[in-house]
Amino acid sequence: MKERYLYEHIISSLKRRLEEGLLLPGEKAPSLAALRQEFRVGTVTATRALQELQALGFLERRPGNGYFVKVPSRECLPRREMVGCLLRSNFVSRHDHYFDEIICGVQQAALRGRVNLLWSHLAAQFCASWCDLSRENLLSAALEMNDMVEGYLLDERVSDETARAILTRTGKPVVILNRTTSLPAFSVSPDYRRGMRELLSTLQRMGYHRFILAASGVEAFSQKEKELGFSLALEELGISRKNTAVLPDCMMQDMGESYRCFRQVWKTLLPGRTVVISAVDNFSPLLIQWLKRDGISVPKDLGVVSTDGLNAIVGEVNPISTLKVPTVEMGERALTLLLGEIRQRREIPVQNLLLMPSMLFGSTL
């Protein structure tokens, strides 16, 4: 083999060892004697291969000690975008399946986009009722990570006032998850108004003409949107108010009290096929348990449908008919939009991006 091909063969072999981690930064490269013996070449050829690798930046020569694998400087390391997450985390919200799926979407998009995610220390507080999510606390958390991140993903519980302060003080883009905003920033959330209309329209086609909305009583964007969507759908579909009722504060009181209120409301409706639309997932299975205890059959005597889709996915037995919010897609779209802002590759105008829930049928309709 010609000398030219011999030293190139040595270079290719050592490069491959570097890529596979067989030679690590700071380790000593094979000596001249080792290369001569392994590749059956002369000193000139082995020396030339090592010198070429030094010139290419793979090796460095230490006089008297030979050649070593070069340790890359910080400037030479590839730089990845870092996104600050003022979000609840699936490492601390073990029972929040809804947001866990959103975070899963964020993580999948980060993997595809080769982006690092930096979680705030407030992640646990977003899951707790005792949390201190004041403007000052959230803004302080954003500023603490500002030198390390290029933009922020904000939890639905971050108010517009606080989001505006983060935008102003950091000068970096934000995207808000699971609610809309009046700010000049992207948000990604479920389209509960259109979803409620499609749900009631579907229930009508299935023969249901009496509708009870089990409202949560929780002061959250999604719950308010569901209640408003329910009211708007009644008007658009021409459903008489005599055939509808709202059961308030279902998650703010004891289940026994909620069930007693439900039985009273049910009696006030005109005879006909009735369905309960639960604004929160975990109310549906509880209601079914109490109905069964009283000998009321689901769905023979009463239909039950939820509005987030997690019981149909998480539940093992008798999955509940439900609207399924595209939670994973929500997380993916949020990070994708934020990266577009960071990289100045905006594909659509800034807006509230609404994702349409889909219908999943279980055994409760």
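About the cut-offs
- The residue numbering used here restarts from 1 in each chain and proceeds along that chain's sequence as written.
- Per-residue local features of the predicted model are confined to residues with pLDDT of at least 70, and side-chain atom pairs are confined, for both listing and counting, to 80 or more; whole-chain, interface and lining totals are unaffected and use all residues.
- In computing side-chain properties, one takes all heavy atoms of the structure into account and sets aside hydrogens as well as water.
- Strands here are runs of E lasting at least two residues and helices are runs of H or I lasting at least four, both read from the DSSP assignment and numbered beginning at the N terminus.
- The atom set for the radius of gyration is the C-alpha atoms, and the globule formula is 2.2 Å times the number of residues raised to the power 0.38.
- Only heavy atoms matter for contacts: two residues are in contact if any of them lie within 4.5 Å across the pair.
- Methods summary: accessible areas were calculated by the Shrake-Rupley approach with a probe of 1.4 Å, and residue burial reflects only the protein chains presented.
- In this tally, Lys and Arg are treated as positive and Asp and Glu as negative; His is ignored, and so are the chain termini.
- A charged residue contributes its charge at one atom only: NZ of Lys, CZ of Arg, CG of Asp or CD of Glu.
- The angle between two axes is taken between their N-to-C directions and runs from 0 to 180 degrees, where each axis is a line fitted to C-alpha atoms and a helix contributes only its stretch in contact.
- Roughly parallel covers angles under 35 degrees, roughly antiparallel covers those over 145, roughly perpendicular covers 65 to 115, and oblique covers all other angles.
- The handedness criterion is simple: a crossing whose near helix is rotated anticlockwise from the far helix by less than a right angle is left-handed, and one whose near helix is rotated clockwise is right-handed.
- Just so you know the grouping, Ala, Val, Leu, Ile, Met, Phe, Trp, Tyr, Cys and Pro go in nonpolar, Asp, Glu, Lys and Arg go in charged, and all remaining residues, Gly too, go in polar.
- Only buried residues count toward a nonpolar core. Its members are Ala, Val, Leu, Ile, Met, Phe, Trp, Tyr and Cys residues joined through side-chain atoms within 4.5 Å.
- Burial status follows relative accessibility: with a 1.4 Å probe on protein chains alone, a residue under 20% of its type maximum counts as buried, one over 50% as exposed, and anything between as partly exposed.
- We call two strands paired when DSSP finds no fewer than two bridges between them.
- Patches here: salt-bridge-free residues with over 30% relative accessible area, like charges joined within 9 Å, nonpolar side chains (Val, Leu, Ile, Met, Phe, Trp, Tyr) joined within 5 Å.
- Salt bridge criterion: a side-chain nitrogen from Lys or Arg within 4 Å of a carboxyl oxygen from Asp or Glu.

1. Some details on the overall build of the chain
Here is step 1 of the chain: Counting its regular elements, the chain contains 12 helices and 14 strands.
Here is step 2 of the chain: Its C-alpha atoms give the chain a radius of gyration of 30 Å, clearly above 21 Å, the size a compact globule of 365 residues would have.
Here is step 3 of the chain: Seen along its three principal axes, the alpha-carbon backbone of the chain occupies a region of about 100 × 45 × 35 Å.
Here is step 4 of the chain: Of all intrachain contacts in the chain linking residues separated by at least 6 positions in sequence, the fraction that spans at least 24 positions is 70%.
Here is step 5 of the chain: Here the chain has roughly 18800 Å² of accessible surface; of this, 50% comes from carbon and sulfur atoms.
Here is step 6 of the chain: Each charge sign in the chain was given a centre, from 46 positive and 41 negative side chains, and these centres are 5 Å apart.

2. A closer look at the environment of leucine 200
Here is step 1 of the chain: Locating leucine 200 in the fold gives a position in helix α7 (residues 192–205).
Here is step 2 of the chain: Along the chain, leucine 200 and leucine 338 lie 138 residues apart, while their C-alpha atoms are 34 Å from each other.
Here is step 3 of the chain: Excluding residues that lie within four positions of it along the chain, leucine 200 makes contacts with Phe211, Phe230, Ala233, Leu234, Leu237, Ile239 and Ile277.

3. Focus on the packing of helix α9 (residues 255–268) against helix α10 (residues 283–293)
Here is step 1 of the chain: Between α9 and α10, the shortest axis-to-axis distance is 11 Å and the interhelical angle comes to 70°. Our classification of the angle between α9 and α10 gives roughly perpendicular. The handedness of the crossing between α9 and α10 comes out as right-handed. Across from Met255, Gly256, Ser258, Tyr259 and Phe262 in α9, the residues of α10 making contact are Phe283, Leu286, Leu287, Trp290, Leu291 and Arg293.
Here is step 2 of the chain: Grouping the amino acids of the contact of α9 with α10 by side-chain chemistry returns eight nonpolar, two polar and one charged.

4. Focus: the nonpolar core
Here is step 1 of the chain: Grouped together as the largest cluster of nonpolar side chains are 27 residues, with contacts concentrated most on Val83, Leu153, Val175, Val188, Met330 and Leu335.
Here is step 2 of the chain: For this core, the secondary-structure elements that each account for two or more residues are β3 (82–86), α4 (97–113), β6 (174–177), β7 (186–190), α12 (327–342) and β13 (352–355).
Here is step 3 of the chain: In this view, valine 175 contacts Tyr152, Leu153, Leu154, Phe186, Ser187, Val188, Ala334, Leu337 and Leu338; residues no more than four positions away in its chain are not counted.
Here is step 4 of the chain: Counting 21 residues, the second largest nonpolar core, distinct from the first, contains Ala245, Met255, Val265 and Phe283.

5. As for the sheet that holds β13
Here is step 1 of the chain: One open sheet accounts for six strands, arranged β4-β3-β5-β6-β7-β13; its pairing is parallel. The outermost strands of the open sheet, each flanked by one partner alone, are β4 (116–119) and β13. Pairwise comparison of adjacent strand axes, ignoring direction, gives a mean angle of 20° for this sheet.
Here is step 2 of the chain: Sheet topology places β6 next to β7; three bridges connect them, and they run parallel. When the sheet's bridge partners are listed, valine 175 is paired in β7 with phenylalanine 186.

6. A closer look at a nonpolar patch on the surface
Here is step 1 of the chain: Taken together, Val218, Met251 and Met252 make up a surface patch of nonpolar side chains, about 260 Å² in accessible area.
Here is step 2 of the chain: With respect to the helices and strands, the residue methionine 252 is situated in the loop between β9 (244–247) and α9.
Here is step 3 of the chain: On the basis of relative accessibility, which here comes to 57%, the residue methionine 252 falls in the exposed class.

7. Re the packing of helix α2 (residues 32–39) against helix α3 (residues 43–55)
Here is step 1 of the chain: Following both chains from N to C, one finds α2 and α3 inclined at 115°, their axes separated by 9 Å at the closest point. As judged from the angle between their axes, α2 and α3 are roughly perpendicular. Crossing hand, α2 versus α3: right-handed. From α2, Leu32, Leu35 and Arg36 reach across to α3, where they touch Thr43, Ala46, Thr47 and Leu50.
Here is step 2 of the chain: Per-class residue counts for the contact of α2 with α3 are four nonpolar, two polar and one charged.

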